[in-house]
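Report on the structure
In case you want the letters, here they are:
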Amino acid sequence: MEKIVSLCKRRGFIFPACEIYGGLANAYSYGPYGAQLKKNIKDAWWKKFVEERADIVGLDGPIILHPKVWEASGHTSGFNDAMVDCKACKKRFRADHLVEELTGQDLEGNLSAMSEALQGKKCPACGKSDWTEVRTLNMMFKTEMNGIEGPVYLRPETAGAIFVDFKNVIDSCRVKIPFGIAQIGKAFRNEIVARNFIFRTREFEQMEIEYFIDPSADWEPLFEKWLSSQEEFFTEIGVNINNIARFEHSKEKLSHYSRKTVDLEFEYPFGKSELCGLAHRGDFDLSAQAKFSGADLQYTDPNDNAKRYIPHVLEPSFGLDRALLAVLCSAYTEEKLPPPSEGGARGGSVDKITAEDVRIVLKFPPKIAPIKIAVFPLLKNKPALVDKAKGIFEILKKNFTCEFDDNGNVGKRYRRQDEIGTPYCVTVDFDTIEKDDSATVRDRDTMQQERVKVADLPKYFEEKLK
Ligand code: GAP
């Protein structure tokens, strides 16, 4: 994990937020490559689940919704986590996690049993044993809004806006059950402990779908199909599927309205933990919003006007930051390079400049890679090479996310592009301008190089990057 965190900072993917002020409680900024990577993951998700499907439409609702929405959903009264403080060192813990760590027991939801279990147990931070009672904390961030009496909340999940706009969508678009509404956006949770880099933060992004079905429909095959689609998506964005496992919530742990909930868990460097979830939520959400708002949120069957019902919902919910972390963990590779004498990886005319024999590569699938092609002049002080390389960059950047780089030597540039996961590098050398009007194209994964006519480069990359 340390290697990934360090690479993310060094290469402009993810920075600790507000570092010049000493940081802010496990918050992060996505740097230039991280922001592009995140956008590529969002775009891949939107394309797969919205643009390529006839049965799903998109939505972009507000972060601050009417406070009644969260009363109806149960968040105002019940979106709580249990916390406990060490009175000696003042460190705060999430009580259920701490009890599990110290006693191996899963006592989530039972405050008094957790307080009891911690008696005599030592604080992992200071070694003393002086605990407060275990108590709950509502995880929604409160704020104020002019013209509204009482608090309003930053949404703790994107799903809320989807239920609120369900009626608008069925009234304005020709959707027929089964259909889904998808949304990507920020969510906020005042987590008791934010940790493990971008795995658990207080501000994060979700990509959620509410998939509305007829309550009498056979939902189990659909549920299975959704799980497979979720796994398929992760494979497409480069997450190692061998490190993903399904975890079904036990009947005792299920919310009262849920018929089935399955998480996909990923083997992160710090252990196996949730990546995304899929839940059958019955008609709980729409019924609750209908009750609190007074609106009629029933659906009328277009083939039978007498058939009116509140649809049930399947909810595939993805955390964008966790998806990005799983992508990074799967892409991170350290490779021992064969010695140049063996004509191996560094044996090519340009690659042999590199001195160390281990290279770090982020092996992103090309469609996810923040930069697709880097263009270099062999030497930065030869205007003819620089002009030619800039000309190629200008042409390629129209269709691909490209970078022009003339810093340091070519070996160092390759090393840098490997570390940001760029699938292809194009080098302009003297032969390009004096002999064959071809450039060297170097493949990130094989490190093989081939000469390609400059005029053919757009078509060549269209093929390679499709
Ligand atoms: N609407 C359902 C819902 O919000 P959830 O399991 O609480 O379900 C869905 O959250 C996903 O959001 C999780 O699987 C995870 O990927 C992501 N997520 C939740 N809390 C997070 C946090 N504090 N930091 C980063 N991602 C988080």
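Since this is a predicted model, take the numbers as computed values, not measurements. (Residues numbered from 1 in each chain as written. Predicted model: local features only at pLDDT ≥ 70, side-chain atom pairs only at ≥ 80, totals over all residues. Heavy atoms only, no water.)

1. Observations concerning the overall build of the protein chain
Scanning the protein chain from N- to C-terminus turns up 15 helices and 23 strands. By principal-axis analysis of the C-alpha atoms, the protein chain measures approximately 75 × 70 × 45 Å. Here the protein chain, with 466 residues, has 49% of them falling under the buried criterion. Total accessible area on the protein chain stands at roughly 22,200 Å², and carbon and sulfur atoms take up 49% of it. Charged side chains of the protein chain number 67 positive and 72 negative; the gap between the two group centres comes to 4 Å. (Helix = DSSP H or I, 4+ residues; strand = E, 2+ residues; numbered from the N terminus. Buried < 20%, exposed > 50% of the residue type's maximum accessible area, 1.4 Å probe, protein only. Areas by Shrake-Rupley, 256 points an atom, 1.4 Å probe, with all protein chains shown as cover. Lys, Arg positive; Asp, Glu negative; His and termini not counted. Charge placed at Lys NZ, Arg CZ, Asp CG, Glu CD.)

2. Re the nonpolar core
If you look at the biggest cluster of nonpolar residues, it comprises 58 residues, and the most contacted ones within it are Ile 41, Phe 233, Phe 234 and Ile 237. Of the residues forming this core, the biggest block, 9 residues, is contributed by helix α11 (residues 320-331). Excluding residues within four positions of it along the chain, Phe 234 makes contact with Val 239, Ile 244, Leu 264, Leu 275, Cys 276, Phe 318 and Ala 323. If you look at the next biggest cluster of nonpolar residues, it comprises 27 residues, including Trp 70, Ala 159, Ile 181 and Phe 212. (Core = buried A, V, L, I, M, F, W, Y, C linked by side-chain atoms within 4.5 Å. Contact = heavy atoms within 4.5 Å.)

3. Section: the environment of Glu 208
The topology assignment puts Glu 208 in strand β10 (residues 203-213). On a C-alpha basis, the gap between Glu 208 and Ala 159 in space is 6.5 Å, while along the polypeptide they are 49 residues apart. Leaving out residues up to four positions away in the same chain, Glu 208 has contacts with Trp 45, Glu 157, Thr 158, Ala 159, Ile 162, Ile 181, Ala 182, Gln 183, Glu 315, Pro 316 and Ser 317. Within the structure, Glu 208 has its side chain in polar contact with the side chain of Ser 317 (distance 2.6 Å). (Polar contact = N/O pair within 3.5 Å; in protein donor to acceptor, adjacent residues only side chain to side chain.)

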